[in-house]
Structures are given as C-alpha cells and as structure tokens.
Amino acid sequence: MKKIISVIAACVLLLSFAACGEVSVPSQLNDGTYTGRSADRNADEDGNGAGYGEVELEVKDNKIISCTFKTYELDGTLKGENYGVDLTKENRMKAQKAVQAADKYAEMYVSAGTLEGVDAISGATVNYDEFKEAVGDALAKASAE
C-alpha cells in the first residue's frame, strides 16, 4: 500500500510540472542515484529534434551533487558527434550545438542547485525542455523511494 501511494504521489508530481511547464522540486530528496526521461519528441518542420533526453542525478544530503544529460534519437541511438551528419550544413551545425548544450545544462544545474539557474541556450531549446522534463522525472523518483 505504501508503494502504491508513493507511485501515485510521483505521478501527481509529474503531472503538476507537465501541466504548467515547471518542475516542482520536492522538499526532501533521498540519497542515491536517479534516472529520469523526457517525453518523446517528434521532429520539427525541418526534420530536426526528434528524440528524448535522459538525466542521471546523484543526490546527497538533499542536494544534487552530480548530473549527466544525454539525448537520444527515437530509436535509442545516442545523439553524439555524428548526429545530423545527413542534414544540410546549417542544420548539422544546429544539431551539434544541441548535442554540446546537453553537458552545459547538466553543469549549470549542479552549479546553481536549481532549475531556475539553468538558462536555455539559443539553438538548443528542445534539449532545454527535454532536460527539465527528465529532471522532473528523476526528482519524482528521488522523493518517492
């Protein structure tokens, strides 16, 4: 019964931040390592951006002490140095900028300690949205377990 209530609480938390576009930060986080995933996204009108993001957060003493953020194509392929190779030069540059932004979002989050301290990077706003969603998912797990 306790586990069911925890799952329901996590779902309510996820729905609350998804509905308003903001991530609610639980007041108490359990120590440990938690993964979170964003929703799948379809490509924009230029064929860019399809995929999802995943974070891994490490929590210690109610603080985020490390964070990694990776983005993937819908088939599960990591978006890395070859992401966008088949696109036009301009769109490949955008794709690579988005890939590089993933590490920056994670660094900003750990440094600031809050999502409010993470600024969207021009040209990587889809990743920004994925990052916020994935962090919300991980935080819900950190508070529910």
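Our subject is the structure listed above.
It should be emphasised that the depicted structure is a prediction, and the values quoted were computed from it without experimental measurement. (Residues numbered from 1 in each chain as written. Predicted model: local features only at pLDDT ≥ 70, side-chain atom pairs only at ≥ 80, totals over all residues. Heavy atoms only, no water.)

Draft legend 1. Structural context of the sheet that holds strand S2 (residues 52-60). If you walk across this open sheet you meet the three strands as S1-S2-S3, and the pairing is antiparallel. Each having just a single partner strand, strand S1 (32-37) and strand S3 (63-72) make up the two edges of the open sheet. For this sheet the average axis-to-axis angle between neighbouring strands, irrespective of direction, equals 15°. Examined bridge by bridge, S1 and S2 share six bridges and lie antiparallel to one another. Pairing of Tyr34 across the sheet is with Leu57, part of S2. Contacts from helix H2 (residues 89-112) reach S2 and S3, with the element oriented near 165° to S3. (Pairing = 2+ DSSP bridges. Helix = DSSP H or I, 4+ residues; strand = E, 2+ residues; numbered from the N terminus. Axes fitted to C-alpha atoms, helices over the stretch in contact; angles between N-to-C directions. Contact = heavy atoms within 4.5 Å.)

Draft legend 2. Spotlight on the packing of aromatic side chains. This model, assessed by the stated rule, comprises five aromatic pairs. Ring centres of Tyr105 and Tyr128 lie 5.6 Å apart, and the angle between their planes is 50°; on these two criteria the pair is classed as tilted. Here Tyr105, found in helix H2, pairs with Tyr128, found in helix H3 (residues 125-144); they are 23 residues apart in sequence, far enough to count as distant. Tyr105 sits in the buried class, given a relative accessible area of 0%. (Phe/Tyr/Trp six-rings, centres within 6.5 Å; stacked < 30°, edge-to-face > 60°. Buried < 20%, exposed > 50% of the residue type's maximum accessible area, 1.4 Å probe, protein only.)

Fair warning: the whole summary comes from geometry, so function is off the table for now.
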